[in-house]
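Understanding the architecture of this molecule
One letter stands for each residue in the lines below.
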Amino acid sequence: MLIRFLVEPSFRTANKVGLALFFFFYLLGHIFISTITFLTLKYVSPDTGFSGSAQKLVSAFLSVLFLHYLLRTFFKISIFHLISKRTIRWASMLFASCLFLMISTSLAIMFKFPNVTSLIKFISIDTPLQFSLLALFFTAFHEEVVFRGLLSKAIFNWKASLISSILIPSIMFSVIHLPDTELNSYEIFYVTFYFFLIGLLLQYLSLVTNGLESAIGIHWAHNAAAVYLLMAQSTNNEKGFNLILLLVDILSVLITIVTIQYTYTYVCKLKLKSPL
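Keep in mind the model is a prediction, meaning the values are calculated, not measured.

It is worth spelling out the confidence of the model for the protein chain at this point. On average, residues of the protein chain score 78 in pLDDT, and 76% of them reach the 70 mark or higher. Highest mean pLDDT in the protein chain belongs to helix 8 (residues 162–176) (89); lowest belongs to helix 6 (residues 116–123) (48). Between residues 122–127, whose pLDDT stays under 50, and residues either more than four places distant or in other chains, the model counts eleven contacts.

Right, here's the structure in full:
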């Protein structure tokens with residue numbers, strides 16, 4: 001069944017006060033962790049780009065550990081239980097990330113990098129690659145577990161509504177990604193709606209694959225591609241809002257999800273259920 005990923009007996013049997021306390025402590029702890037790591041690393045390396053990646057890595061890693069502790073305390077389950085009820089399929093995560101990178105790179109070459117010189121300039125940006133990618137992975141891991149795992153399952157088992165468990169986390173996902181740059185109201189709407197669509201697509205993928213592995217893989221690769229694309233724009237002195245770039249990115253995610261579903265259904269013979 002499509003909803004089997006969302007069914008979580010530990011959330012269904014929990015009372016409303018317990019769920020409210022759980023989310024209150026998690027939100028409070030996450031804010032505290034983010035603030036402390038930001039202030040600490042700001043004074044440790046205030047003039048380097050390294051501090052930004054370090055803050056994301058440490059904050060996401062500590063938030064994941066704190067969430068795992070709360071899940072153990074309140075519901076006696078592991079954080080990995082939110083990702084998959086079976087053994088975590090790391091190969092699926094790697095396949096999804098590599099597939100998205102190949103598809104998004106191909107589309108970027110067509111729409112953003114029309115010649116080889118620009119592509120080489122983009123790839124050869126001087127940056128702490130391994131550290132940044134690790135930070136982006138933990139950020140993607142944390143967001144997927146919270147929005148597509150924790151929130152979706154909690155809402156579904158409390159309200160028993162598939163639509164609510166899909167829409168509410170996607171809306172919240174778009175809200176936390178509101179741009180802090182100087183954009184007009186139309187551009188802010190486009191960016192917010194863009195993240196809402198990304199949230200819906202990743203939620204769909206988690207449902208049809210019965211796990212978060214592929215969604216985490218795409219989210220990590222998406223973050224990596226976005227960061228290095230922005231760095232490339234900065235290197236080329238390109239600024240401003242780019243609607244075509246958002247559309248190409250959504251197309252990349254959509255093609256990746258369709259390819260994953262086709263691969264699992266017809267190549268791996270997993271017979272995924274589709275909500276359509």
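Now that the structure has been shown, we can carry on.
Once that is clear, we can look at the packing of helix 8 against helix 9 (residues 185–209). Where helix 8 meets helix 9, the closest approach of the two axes is 8 Å, and the angle between their N-to-C directions is 140 degrees. It follows that helix 8 is oblique to helix 9 by the angle criterion. Note on packing geometry: the crossing formed by helix 8 with helix 9 is right-handed. From helix 8, Leu162, Ser165, Ile166, Leu167, Pro169, Ser170, Ile171, Phe173 and Ser174 reach across to helix 9, where they touch Thr192, Phe195, Phe196, Ile198, Gly199, Leu200, Gln203 and Leu207. Across the contact of helix 8 with helix 9, the residue classes break down as eleven nonpolar, six polar and no charged.

A word on the pattern of salt bridges. In this structure the tally under the stated criterion is two salt bridges. Between Glu213 and Arg89 there is a salt bridge, with its nearest N and O atoms 2.9 Å apart. Of the two residues, Glu213 is situated in helix 10 (residues 213–235) and Arg89 in the loop between helix 4 (80–83) and helix 5 (90–111); the sequence distance between them amounts to 124 residues. Like Arg89, Glu213 is buried. We note a salt bridge from Glu144 to Arg148, for which the minimum N-O separation is 2.7 Å. Of this pair, Glu144 and Arg148 both sit in helix 7 (residues 129–159), four residues apart, roughly one helical turn. What makes Glu144 buried here is its relative accessible area of 0%.

Parameters at a glance
Residues numbered from 1 in each chain as written. Predicted model: local features only at pLDDT ≥ 70, side-chain atom pairs only at ≥ 80, totals over all residues. Heavy atoms only, no water. pLDDT = per-residue confidence, 0-100. Helix = DSSP H or I, 4+ residues; strand = E, 2+ residues; numbered from the N terminus. Contact = heavy atoms within 4.5 Å. Axes fitted to C-alpha atoms, helices over the stretch in contact; angles between N-to-C directions. Parallel < 35°, antiparallel > 145°, perpendicular 65-115°, else oblique. Left-handed = near helix turned anticlockwise from the far one by under 90°. Nonpolar A, V, L, I, M, F, W, Y, C, P; charged D, E, K, R; others polar. Salt bridge = Lys/Arg side-chain N within 4 Å of Asp/Glu carboxyl O. Buried < 20%, exposed > 50% of the residue type's maximum accessible area, 1.4 Å probe, protein only.

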